[in-house]
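# Observations on the model geometry
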Amino acid sequence: MASIVMSCSAAVPGFRFNISPMAAGVVTARPRRVVVVRAEGQGINLDIRKTEEKVVDSVVVTELSKPLTAYCRCWRSGTFPLCDGSHVKHNKATGDNVGPLLLKKQ
């Protein structure tokens, strides 16, 4: 008999629970695969607006809960997808000029 797969990521992030009708209440958990993207020692922004000190774009949106939200574009944020300022260290180490995407409430 096939097992029933239930996604319970809200309760336990990173795990899926497999519940088998044959196992009468036995629940097993297995971790999901996570892919980490790192471009160590090289820039993220190779040719866009290289004359600017830091590339930061702003978008005005009418339906936001916060007045300003910064999203990461360097892929190094510890709070990804939100920006935590990690691009500053990355830019100094690589000479890159990547900055966050800012969503502003209208």
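Every value quoted in this text rests on a predicted model; they were computed, and no experiment measured them. (Residues numbered from 1 in each chain as written. Predicted model: local features only at pLDDT ≥ 70, side-chain atom pairs only at ≥ 80, totals over all residues. Heavy atoms only, no water.)

## Points about the side chain of Asn 91
We apply this condition: Helical segments are the DSSP runs of H or I of at least four residues, strand segments are the runs of E of at least two, and each set is numbered from the N terminus. Note on exposure labels: buried denotes an accessible area under 20% of the residue type's maximum, exposed denotes more than 50%, and partly exposed covers the range between, all computed with a 1.4 Å probe on protein chains only. What qualifies as a polar contact is a pair of N or O atoms within 3.5 Å, subject to a donor-acceptor requirement within protein and to the restriction that residues adjacent in sequence count only when both atoms come from side chains. Two residues form a contact once any of their heavy atoms are found within 4.5 Å.
Mapped onto the fold, Asn 91 is located in helix H1 (residues 86–94). Residue Asn 91 is classed as buried on the basis of its relative accessible area, which comes to 12%. A distance of 2.8 Å separates a polar side-chain atom of Asn 91 from the backbone oxygen of Val 98. When residues no more than four places from it in sequence are discounted, the contact partners of Asn 91 are Lys 54, Asp 96, Asn 97 and Val 98.

## Examining the sheet that holds strand E4 (residues 55–61)
The condition is simple: If DSSP finds at least two bridges between two strands, the strands pair. Angles shown run from 0 to 180 degrees and are taken between the N-to-C directions of axes, each axis being a line fitted to C-alpha atoms and, for helices, limited to the stretch in contact.
The three strands are arranged E4-E6-E5 in an open sheet whose pairing can be described as mixed. Only two strands of the sheet have a single partner each, and these edge strands are E4 and strand E5 (68–71). Neighbouring strand axes in the sheet, compared pairwise and without regard to direction, differ in orientation by 20° on average. With six bridges joining them, E4 and strand E6 (residues 98–105) adopt parallel strand pairing. The partner of Val 61 across the bridge, within E6, is Lys 105.

These figures capture arrangement, not role.
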